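Chain residues, written in single-letter form:
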Amino acid sequence: MSELATLQDKEDTRRHRLLALPAILIMIALGLIPLMIVVVYSLMAPGEYGGVVPKFSLEAYVSLIFQRDMFDDTLTFSPAYLEIYLRTAIFGVVTTVLCVLVGFPTAYFMATRPADKRNIWVLLLTIPFWSNLLVRTIAVMFIIRDEGLINTILLDLGVIDHPITLLYTNFAILLGLVYSFLPFMVLPIYASLEKFDFRLAEAGFDLYANRFQVLTQIIIPLAKPGIVTGSILVFVPAFGAYVTPLLLGGGSHLMIGDLIALQFGSSRNWPLGSAFSIVLMVIVMLALLFQLRRSGQVKHG
Amino acid sequence: MSNIASSQTAKGGSVSILSVLKDFGNFRAVNDVSIEIRPNEFFTLLGPSGCGKTTLLRMLAGFEAPTDGKILLDGSDISMLPPNRRPINTVFQNYALFPHMTVAENIGFGLKMLGKSAAEISATVKEMLRLVRLEDAGNRSVTQLSGGQQQRIALARALAPKPKLLLLDEPLSALDLKLRKSMQIELKRLQQETEITFIFVTHDQEEALTMSDRIAVMNGGKVLQIGSAHDIYEHPADRFVAGFIGETNFLEGELTASAGGAGTVNLRCGVTVEALTAKSVASSGSVTIVVRPEQLEMVDPGSPQSVDATVEQIVYFGTDRHVHARLGDGTALTIRQQNRPGMREGLAEGQKIGVAIPPRVAQILKD
Amino acid sequence: MASFASTGKIDIKRQTGFGFIAVACLVALYLPILVVLVFSFNNAMSIGASWQGFSLRWYVTLMKNQGFFDSAILSIVVAVAATVMSTILGTMAALATTRVKRWRGQGATMLIITSPLIVPEIVSAVSLLAFFSFIAQAFGISFGILKIVLAHTSFCIPFAYLPIKARLEGMDVTLENAAADLYADRWKTFRYVTLPLLLPGISSGAALAFIVSFDDFTITQLIAGPGETTLPLFIWSRIRNIVTPELNAMCTVLLLVSIAFIILSFVLTKKKQD
């Protein structure tokens, strides 16, 4: 009879595998295989009108770091692409930090509202969370243009006598990134704070902690899983941002996402674009691993 | 359907649990259990949590397959049947009422699955609602019901297909004390009216004693004793059963002679008592006797056939009081006295008293 | 130090300034959207002009815009197709990976199903571009708008999968046990108990899948062929050459569609897990 039970388990497992199969196949066909193709393309030579020429070449990776002289083939160190990676990383990290600084107090405030008001707050943050990124970015553009809301108001008030250039600057990109991904930070932090048992805070006060100490010693450590999740949700899309810098940076302040699209578009250097993509993926994966290990430590500690 | 579930001639079924074993990995949840349950019996599986009673119930229902052994219903082996092909229904601990269905839809669900006609279903649902005294609740949503009402609907739902066997998994544990008391009487009534065999799982000894025809006391996956409430309370088979059911005093001693179901025990505290013997006890040697607090008598210190003790604490219970006393050799004893007018007044903590054990009330256990 | 509020109780939850930040955060998130919305009613010829009075003229202009209609219809067709497919596949996958005896490969399955959430969109976009162009080159197969539907299905699956899985996790197994106990076989248990109870999760997942597909820009832009213009692509193509508030009107329409689905999904998720 134990054999019967085992048989039943095997039958169930077979059924579950079969049930998951269609989704797995779609994800393999349209996720994994395309990614493999990009890996392969990054190791080939560019075709004249886009695409690749099927022969092995490390040129794409070499040109990440070096510039090849057109005449004598010598390699000279060229940090141009590395600088874009660095800029992108700085944008990603700064965006994440700013989102934590603004997002944590917001999430905390939401979590401490009465239950009925909490639902309204969550809905109000859910709407921009899912709203169209392109439209939201266009909206930011309207606000910070020379003729936009900010400059108009400042001009009308007489604070300035000619518009300050906000659009097409690093500031514009950063603003756009924070604006785009802030809800991605608030909601996970809120989710972990909502479950927070405020009797723990009472215990903290009882044991002579002041408000600030209760916050830093008790509440923030316990909200860490939410902060980590939020950071991942902000960092990954900020690091791979494409629309935001394109619209708000005006093509002059590239991030790596735009550089990749450029290689697959007008530059027609697919291997280089592929190599950029692979490096981007590796960095994102490393960041994820790092964050997951840290959140793992929170659980065990 | 060649389905046992569809044959509904007999009312209560008989169950034979034959050497059933259940392992979860390395853990043996049910260890070689054999029980014969008679038709139309109110049978209770009683034991502390983790004793294997719920696992045994789940094997009867068909949610777990035994690792070894067999379960027979009216003589035919059902161990391999899935739950939907057993003429057995369950009242779940949390009731498990379908929240997206009305009361009537819940009660009619089993009959619908059995392919009964709409007319038959609606008639049975009415009958069941009458049976559990909730005639007007049919169209209500189950989420609007109180705990006690949900309990009744869960019962009605399980009884509606007229199973041969009804399993009840601690169904009263979520109710408050008063409701629990009235549901105990209600359950007993339902069982007698429907003539269905009930198997009831509980960890509450009082509940078990009140309702059951017979009780199986379980611990550590094993059945320790099967018997009527009286048997189990008055003649516990071992120390665990004695301790688990009701409050008990244990006293150590030497069995010197035994004959005709009774024996003479020289207690370590100095008195000799005549106590009842279980069959399996040897004729001599060191034994433990159990004596219930209400069986002990409080007498003047120094009285013959009594042992001196010091009162340590008196706990007042309304209808009775418990006197916690300690013997000279350090053994603690509890004596229960009914409160009545003219009862010995002025008992104080620290006072010396005598405790007498009447003959042929204490029970000798195997050590 | 904790201070006594007017109620005479210490409000241990209060942190100075947090309320201000929260409200500022909300204002900042909504201000740009509101500006777009309000100025879509501006009776002005130019997008940069100041407020000239209320008018519906740009919505009237939009109604006559064939390009807008065509792209909106394409967006809806793609989103509906991707939603149906991803919701069915996501439901199946959620059933296969939740509340079941762990099977070998289950972890990997969950990882691959949720992978679109951790792969940067631009990487997905170029890899799908490379994939479809490779297929076109190697086998001479051109998918047309089917490739957009397929791509959307793949990245919508996790958005459908996760709410359904969450709903399943919160579901009491004893309800299904009770159904089996009451003579329901495996299929009937699913049909009468599991599915009805899962429905809010499925609808919520479907609504999210619809939004994600309807809103997608990056991936669609890279893989779409000529003439395959979805609504976000149409708006994109007009950013630089439309300078009238018609652009605001378009953006408003797109926003309102997604907001409607967000609220739908939100209400469905909040519906008590009873």
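Conventions used here
Residues numbered from 1 in each chain as written. Chains lettered and ligands numbered in written order. Predicted model: local features only at pLDDT ≥ 70, side-chain atom pairs only at ≥ 80, totals over all residues. Heavy atoms only, no water. Helix = DSSP H or I, 4+ residues; strand = E, 2+ residues; numbered from the N terminus. Rg over C-alpha atoms; globule rule 2.2 N^0.38 Å. Buried < 20%, exposed > 50% of the residue type's maximum accessible area, 1.4 Å probe, protein only. Contact = heavy atoms within 4.5 Å. Areas by Shrake-Rupley, 256 points an atom, 1.4 Å probe, with all protein chains shown as cover. Lys, Arg positive; Asp, Glu negative; His and termini not counted. Charge placed at Lys NZ, Arg CZ, Asp CG, Glu CD. pLDDT = per-residue confidence, 0-100. Pairing = 2+ DSSP bridges. Axes fitted to C-alpha atoms, helices over the stretch in contact; angles between N-to-C directions. Phe/Tyr/Trp six-rings, centres within 6.5 Å; stacked < 30°, edge-to-face > 60°. Salt bridge = Lys/Arg side-chain N within 4 Å of Asp/Glu carboxyl O. Parallel < 35°, antiparallel > 145°, perpendicular 65-115°, else oblique. Left-handed = near helix turned anticlockwise from the far one by under 90°. Buried area = accessible area lost by both parts, 1.4 Å probe. Polar contact = N/O pair within 3.5 Å; in protein donor to acceptor, adjacent residues only side chain to side chain. Nonpolar A, V, L, I, M, F, W, Y, C, P; charged D, E, K, R; others polar. Expected span 1.5 Å × (residues − 1). Core = buried A, V, L, I, M, F, W, Y, C linked by side-chain atoms within 4.5 Å. Patch = residues over 30% accessible without salt bridge, like charges linked within 9 Å, V, L, I, M, F, W, Y side chains within 5 Å.

Brief notes about the overall build of chain A
The helix and strand inventory of chain A stands at 13 helices and four strands. Its C-alpha atoms give chain A a radius of gyration of 25 Å, clearly above 19 Å, the size a compact globule of 301 residues would have. Once the C-alpha set of chain A is aligned to its principal axes, its extents read approximately 85 × 75 × 35 Å. In chain A, which comprises 301 residues, the share counted as buried stands at 49%. Across chain A, every contact between residues at least 6 apart in sequence was considered, and the portion connecting residues at least 24 apart equals 63%. Of the roughly 14,500 Å² of accessible surface on chain A, a fraction of 67% belongs to carbon and sulfur atoms. Looking at charge distribution, chain A has the averaged site of its 20 positive side-chain charges lying 9 Å from that of its 20 negative ones.

Quick notes on the overall build of chain C
Secondary structure assignment for chain C yields eleven helices and zero strands. Taken from the N to the C terminus, the helices and strands of chain C come in the order α-α-α-α-α-α-α-α-α-α-α. A compact globule built from 274 residues would reach a C-alpha radius of gyration of about 19 Å, whereas chain C, at 24 Å, exceeds it by more than 25%. The buried share of chain C, taken over its 274 residues, is 54%. Counting only contacts in chain C whose residues sit at least 6 apart along the sequence, the fraction spanning at least 24 positions is 71%.

Overview of unusual backbone geometry
Even without being glycine, Arg 268 of chain A reaches a positive phi, approximately 50 degrees. Within the fold, Arg 268 of chain A resides in the loop between α12 (256-264) and α13 (270-300). A positive phi angle, near 50 degrees, is found at Ala 96 of chain B, a position not held by glycine. Mapped onto the elements, Ala 96 of chain B comes out in the loop between β6 (88-91) and α2 (103-113). Taking the relative accessible area as the measure of exposure, Ala 96 of chain B reaches 3% and is therefore buried.

Let's talk about the confidence of the model for chain C
Note that predicted coordinates carrying low pLDDT should not be read in detail. Residue and element names in this part refer to chain C. Scored by pLDDT, chain C comes out at a mean of 89, with 94% of its residues at no less than 70. By mean pLDDT, helix α11 (residues 246-270) is the weakest element of chain C at 88, and helix α3 (residues 66-97) is the strongest at 95. Within the model, the stretch residues 1-6 combines pLDDT values under 50 with eleven contacts to residues more than four positions away or in other chains.

Overview of the sheet that holds strand β20 (residues 363-365) of chain B
Spatially, the five strands close up into a barrel ordered β11-β12-β13-β20-β14 (chain B), and their pairing is mixed. Neighbouring strand axes in the sheet, compared pairwise and without regard to direction, differ in orientation by 55 degrees on average.

Some words on the packing of aromatic side chains
Going through the model one piece at a time under the given rule, you end up with 32 aromatic pairs over all chains. Aromatic side chains Phe 39 of chain C and Trp 51 of chain C sit 5.9 Å apart centroid to centroid with 85 degrees between the ring planes, which places their arrangement in the edge-to-face category. Of the two residues, Phe 39 of chain C is situated in helix α1 (residues 18-39) and Trp 51 of chain C in the loop between α1 and α2 (57-63); the sequence distance between them amounts to twelve residues. For Phe 39 of chain C, a relative accessible area of 21% corresponds to the partly exposed category. By relative accessible area, which is 42% here, Trp 51 of chain C ends up partly exposed. In textbook terms, an aromatic cluster arises when at least three aromatic residues are bridged by ring pairs, as seen for Phe 104, Tyr 108, Phe 196 and Phe 198 of chain A together with Phe 18 of chain C.

Some points on the pattern of salt bridges
Taken as a whole and judged by the stated rule, the model has 29 salt bridges over all chains. Across the pair Arg 199 of chain A and Asp 197 of chain A runs a salt bridge whose closest N-O atoms are separated by 2.9 Å. Here Lys 147 of chain C and Glu 228 of chain C are joined by a salt bridge, their closest N and O atoms 3.3 Å apart. In this pair, Lys 147 of chain C sits in helix α6 (residues 145-169) while Glu 228 of chain C sits in the loop between α9 (218-223) and α10 (231-239), placing the two residues 81 residues apart along the sequence. As far as the burial class goes, Lys 147 of chain C and Glu 228 of chain C line up, both buried. It is possible to trace a salt-bridge network through shared partners that takes in Arg 133, Arg 152, Glu 186, Arg 189 and Glu 193 of chain B.

Brief notes about the packing of α1 of chain C against α11 of chain C
All names here are of chain C. It is the contact of α1 with α11, at a shortest axis distance of 8 Å, that shows an interaxial angle of 120 degrees. Between α1 and α11, the angle falls in the class oblique. As α1 runs across α11, the sense of the crossing is left-handed. On α11, the residues that touch Ile 33, Val 35, Val 36, Leu 37 and Phe 39 of α1 are Asn 248, Cys 251, Thr 252 and Leu 255.

What to know about the interface of chain B and chain C
Listed by partner, the interface residues are 28 residues for chain B and 18 residues for chain C. Between chain B and chain C, a total of about 1,900 Å² is buried, with carbon and sulfur atoms accounting for 67% of that surface. The three residues of chain B that bury the most area against chain C are Asn 84, His 100 and Met 113 of chain B, which together make up 29% of that side's buried surface. Connecting chain B to chain C are zero salt bridges. Where chain B touches chain C, the interface holds eight residue pairs in polar contact (both at pLDDT 80 or more). When contributions to the side of chain B that touches chain C are tallied by element, the ones reaching two or more residues are α1 (53-61), β6 and α2 of chain B. For the side of chain B that touches chain C, the element with the highest residue contribution is α2 of chain B, accounting for four residues. Taken together, the residues that form the side of chain B that touches chain C break down as 17 nonpolar, seven polar and four charged.

Here's the deal with helix α5 (residues 121-139) of chain C
Compared with an ideal rise of 1.5 Å per residue, which puts 19 residues at 27 Å, α5 of chain C spans 26 Å between its outermost C-alpha atoms and is within 8% of the ideal. Backbone geometry just after α5 of chain C places Gly 140 of chain C at a positive phi near 70 degrees.

Some remarks on the nonpolar core
Residues Phe 104 of chain A together with Leu 56 of chain B are the most contacted members of the largest nonpolar core, which totals 209 residues. Sorting elements by how many residues they give to this core places helix α7 (residues 170-194) of chain A first, with 14 residues. In this structure Leu 56 of chain B touches Ile 17, Val 20, Val 30, Val 33, Ile 35, Leu 45 and Met 218 of chain B, once residues within four positions along its chain are discounted. Counting 35 residues, the second largest nonpolar core, distinct from the first, contains Leu 97, Val 125, Ala 158 and Ile 196 of chain B.

Side note on the confidence of the model for chain A
Mean pLDDT over chain A works out to 88, with 96% of the residues at or above the 70 mark. When pLDDT is averaged over each element of chain A, helix α3 (residues 80-111) of chain A comes out on top at 94 and α13 of chain A at the bottom at 82.

Concerning a nonpolar patch on the surface
On the surface, a nonpolar cluster with roughly 580 Å² of combined accessible area is contributed by Leu 86, Ile 90, Val 93, Val 94, Val 97, Leu 98 and Leu 101 of chain A. Here Ile 90 of chain A lies in helix α3.

Here we look at the environment of Leu 246 of chain A
The topology assignment puts Leu 246 of chain A in helix α11 (residues 243-248). Considered as a pair, Leu 246 of chain A and Val 53 of chain A are 193 residues apart in the sequence and their alpha carbons are 29 Å apart. Other than its neighbours up to four places away in sequence, Leu 246 of chain A contacts Gly 251 and Asp 258 of chain A together with Trp 236 and Arg 240 of chain C.

Observations concerning the sheet that holds strand β7 (residues 165-169) of chain B
Backbone-to-backbone hydrogen bonds pair the strands of a sheet. The strands run either parallel or antiparallel. All names here are of chain B. One open sheet holds the six strands; their spatial order is β6-β7-β8-β3-β9-β10, and the pairing between them is mixed. The two strands at the open ends of the sheet, each matched to only one other strand, are β6 and β10 (222-227). Sheet twist, expressed as the mean angle between neighbouring strand axes with direction ignored, is 20 degrees. Inspection of the sheet shows strand β3 (residues 42-46) paired to strand β9 (residues 214-219) by four bridges, in the parallel sense. Note that in β9 the partner of Leu 45 across the bridge is Ala 216. Most of the contacts of helix α4 (residues 147-159) go to β6, to which it runs at about 175 degrees, and overall it touches β6, β7 and β8 (197-202).

Description of the side chain of Thr 88 of chain A
Inspection of the secondary structure puts Thr 88 of chain A in helix α3. Overall, Thr 88 of chain A belongs to the buried group, its relative accessible area being 0%.

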